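Chain residues, written in single-letter form:
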Amino acid sequence: MAGWSHDGLFTMMRPSGKLAIIGWPVSHSRSPLIHNYWLAAHGLPALYEAYPISPTDDFGAALRAMADAGFVGANVTVPHKEAAFAAMDALSPAAQTLGAVNTISFKDGRLLGDNTDGDGFLAGLEAAAPDHGGKDGWQNAPALVLGAGGAARAIVAALGRAGIPDIRLVNRTRDRAEALSGLAASIAVGDWDARAKLADGCGLLVNTTSLGMAGQPPLDMPLDRLKKAALVSDIVYTPRHTELLRKAQQGGFIAVDGLGMLLNQAALSFEIWTDTRPRIDDGLRALLLADLTKKD
Ligand code: ATR
């Protein structure tokens, strides 16, 4: 969209510049921990906080209040990603495609919206399996994606951008999967009950459903038809080691937990605001893991 620009904001940032994650509820979010770690590491004079906005609030008015209060950027999470999309003055191509915004820049009185979820997911895969994206790797094999919610939306669009030749998408409610089929030319929707068969020859399996999360039913997903050394990704991180990932490890597959997507979408947002790609280092991982263990 015209007017889209990725210039970092910190050149113009006042010492009181603030960043936030907007959501409802939002107190459980790990984004403040992650971003404040990077702000400190880079010596940037800003604070990142959780900023609850109720679904019944006037979302546009809340964003204007944030701009007046000195916020220069914000992440957006459930349930506001679509409302944020509607409130922007300019959108990145990724946000435009998804109809959802997870990263806002407040710049010169304008609201710029981006979406880093899909590229964050891809970056997480690449970090987890740096040697597996080649000719015989997951990028040149079919992929099977389970689920059709907001995360699946970002993931199938990103897999399409990454050139995955055959993206097989299944969801319990088939209509919801069909609704995502326009996001990439290589998406083919299948039946939820055919998922075991559809895994045949896949180099990547991604679970975006809530099955296997704490308090949810288990995910019944046989892995035996996947390609050798395929990537198996579960986007949830509570619990971090889901039954699916445990099974994947036992079967000789590469298990990719949900922390990669969480950290990489955050890193891409941080880069949009600061023009600096922060490092996902051991210190940050340790801090995050300690926090996850403490609260979950
Ligand atoms: P997101 O958080 O990614 O936006 P969501 O909208 O909460 O996702 O959806 C959760 C996903 O888990 C959906 O794909 C949902 O399937 P439906 O669209 O049919 O509801 C899936 N899901 C939840 N419980 C399930 C179950 N018992 N069996 C199969 N799929 C299930």
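In case you missed it, the structure is sitting above this.
Residues numbered from 1 in each chain as written. Predicted model: local features only at pLDDT ≥ 70, side-chain atom pairs only at ≥ 80, totals over all residues. Heavy atoms only, no water.

Looking at this structure, I do not really get the overall build of the protein chain. What am I missing?
Counting its regular elements, the protein chain contains 11 helices and 12 strands. Computed over the C-alpha atoms, the radius of gyration of the protein chain is 19 Å, within 12% of the 19 Å expected from 2.2 N^0.38 for a compact globule of 296 residues. Judged by the C-alpha coordinates and their principal axes, the protein chain covers about 55 × 40 × 40 Å. Of all 296 residues assigned to the protein chain, the portion counted as buried reaches 51%. (Helix = DSSP H or I, 4+ residues; strand = E, 2+ residues; numbered from the N terminus. Rg over C-alpha atoms; globule rule 2.2 N^0.38 Å. Buried < 20%, exposed > 50% of the residue type's maximum accessible area, 1.4 Å probe, protein only.)

Help me out: how do you make sense of the layout of surface pockets in this one?
Where empty space is left in the structure can be found by rolling a water-sized probe over the atoms. In this structure, the largest pocket spans a volume of roughly 1400 Å³. The wall of the largest pocket is formed by 47 residues, among which Thr77, Val78, Lys81, Ala151 and Ile235 lie closest to the centre. Of all elements in the fold, only strand E3 (71–76), helix H3 (81–87), helix H6 (150–161) and helix H10 (259–274) reach the threshold of two or more residues within the lining of the largest pocket. At 5 residues, the largest contribution of residues to the lining of the largest pocket is made by H6. Class assignment of the residues belonging to the lining of the largest pocket gives a composition of 20 nonpolar, 19 polar and 8 charged. (1 Å grid on protein atoms, 1.4 Å probe; cavity = no way out; pocket = protein on both sides within 12 Å on 5 of 7 lines; lining within 4 Å. Points joined across faces, edges and corners; volume = space filled by probe spheres on them. Nonpolar A, V, L, I, M, F, W, Y, C, P; charged D, E, K, R; others polar.)

When you look at the sheet that holds strand E6 (residues 110–114) in this model, what are you seeing that I'm missing?
Think of a sheet as strands paired side by side through backbone hydrogen bonds, with each pair either parallel or antiparallel. Strand order in the open sheet made by the 6 strands is E2-E1-E3-E5-E6-E4, with mixed pairing throughout. Here the strands that pair on one side only, and so sit at the sheet edges, are strand E2 (47–52) and strand E4 (90–91). Across 2 bridges, the pairing between E4 and E6 is parallel. Opposite Ala90, over in E6, you have Leu112 as the bridge partner. Docked against the sheet, helix H1 (residues 31–41) engages strand E1 (18–23), E2 and E3, running at close to 160 degrees with respect to E2. (Pairing = 2+ DSSP bridges. Contact = heavy atoms within 4.5 Å. Axes fitted to C-alpha atoms, helices over the stretch in contact; angles between N-to-C directions.)

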